[in-house]
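# Structural overview
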Amino acid sequence: MDRPLCEAFQHAINLHYGLTAPDDPQKRQTHKVGNNIPENTKTIIRALNGLIEDTIQKGMIHHRTEMLQFLEEHGFEITGTTFTTISIKNGIEPNIRLRGAIYEQDFRLNQTSRTIRKTKTARDRESHRREIEHSWERLYQQVGRKLQENRRRFTKTI
């Protein structure tokens, strides 16, 4: 696979049609609910996520330490943390694992507040036009490079 060519194509098409990049930090999910967990656990996670997001919007949680403190103050027993998750006790059932940007170790309100508050900044039209032109130039360069490489590799021998 030719990754630079694929990435150049994806970027050019996304800009041309006004699509967002899938790896855009503003598109990160603030929380995630897995598909393979029981429905009652999903309900608990959704309710907890809603409570936490409301608390973040009110400015009462600014970073992960405050998140852990909030959970403990509301009667949740923290059973473990990883770089990207927080696990809480769920009675006799398996622990509940909380995932998403707001549960990550490097969570800071200033980094994810745009996503949580859903405030988006409009791009300047001229810079957007230049970015589109630049992405098409990059795509053409990558296609030209691949064309030359294929001509060199697959020349006819008589």
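Cut-offs and rules
- Residues numbered from 1 in each chain as written.
- Predicted model: local features only at pLDDT ≥ 70, side-chain atom pairs only at ≥ 80, totals over all residues.
- Heavy atoms only, no water.
- Pairing = 2+ DSSP bridges.
- Helix = DSSP H or I, 4+ residues; strand = E, 2+ residues; numbered from the N terminus.
- Core = buried A, V, L, I, M, F, W, Y, C linked by side-chain atoms within 4.5 Å.
- Buried < 20%, exposed > 50% of the residue type's maximum accessible area, 1.4 Å probe, protein only.
- Axes fitted to C-alpha atoms, helices over the stretch in contact; angles between N-to-C directions.
- Contact = heavy atoms within 4.5 Å.
- pLDDT = per-residue confidence, 0-100.
- Salt bridge = Lys/Arg side-chain N within 4 Å of Asp/Glu carboxyl O.
- Phe/Tyr/Trp six-rings, centres within 6.5 Å; stacked < 30°, edge-to-face > 60°.
- Arc of directions from axis to C-beta.

Now for the pairing of strand S3 (residues 93–99). Examined bridge by bridge, strand S2 (residues 85–90) and S3 share 5 bridges and lie antiparallel to one another. Following the sheet pairing, Ile88 is matched in S3 by Ile96. Taking the residues between adjacent antiparallel strands as the criterion, S2 and S3 are bridged by 2 residues, where Gly91 takes a positive phi near 65°.

Right, let's talk about the nonpolar core for a bit. Of all hydrophobic cores here, the largest spans 15 residues; its most connected members are Ile52, Met67, Leu71 and Leu98. Elements with a minimum of two residues in this core: helix H2 (39–57), helix H3 (64–73), S2 and S3. For this core, the leading source of residues is H2, giving 4 residues.

Quick look at the environment of Ala101 now. When you line up the elements, Ala101 lands in the loop between S3 and helix H4 (109–117). Note: C-alpha distance between Ala101 and Thr85 (16 residues apart in sequence) is 9.0 Å.

A separate point is the sheet that holds S2. Read across the sheet, 3 strands follow the order S1-S2-S3 without closing on themselves; strand pairing throughout is antiparallel. On the outer flanks of this sheet lie strand S1 (78–81) and S3, each paired with one strand and no other. Adjacent strand axes in the sheet meet at a mean angle of 25°, parallel and antiparallel pairs treated alike. One ladder, built from 3 bridges, connects S1 with S2; its direction is antiparallel. Following the sheet pairing, Gly80 is matched in S2 by Ser87. Here H2 sits on the sheet in contact with S2 and S3, set at roughly 35° to S3. Relative to the sheet, H3 contacts S1, S2 and S3, its axis offset from that of S2 by approximately 5°.

Our next topic: the confidence of the model for the protein chain. Looking at the protein chain as a whole, its pLDDT mean stands at 78, while 78% of the residues score no less than 70. Per-residue pLDDT, averaged within each element of the protein chain, yields its smallest value for H4 (52) and its largest for S1 (91). Throughout residues 114–123 the model reports pLDDT below 50, and contacts reaching past four residues in sequence, or to other chains, amount to 19 contacts.

Looking now at the pattern of salt bridges. Counted by the stated rule, this structure contains 6 salt bridges. Here Glu149 makes a salt bridge to Lys146, at a shortest N to O gap of 3.8 Å. Separated by 3 residues within a single helix, Glu149 and Lys146 lie in helix H5 (residues 125–153), roughly one turn from each other. Overlapping salt bridges bring together Asp2, Arg145, Lys146, Glu149 and Arg153 as one network.

A few words on the packing of aromatic side chains. Enumeration over the complete set of coordinates arrives at 1 aromatic pair. Considering the side-chain rings of Trp136 and Tyr140, the 6.1 Å spacing of their centres and the 35° angle between planes classify their relative orientation as tilted. Residue Trp136 and its partner Tyr140 are both found in helix H5; the two are separated by 4 residues, about one turn of the helix.

All buried positions along H3 are accounted for by Arg64, Met67, Phe70 and Leu71. Angular distribution of buried residues about the axis of H3 spans 115°; they occupy a single face of the element. Away from its buried face by more than 90 degrees, H3 exposes Thr65, Glu72 and Glu73. The elements touched by buried residues of H3 are H2, S1, S2 and S3. Immediately beyond the C-terminal end of H3, within one or two residues, lies Gly75, with a positive phi of roughly 85°.

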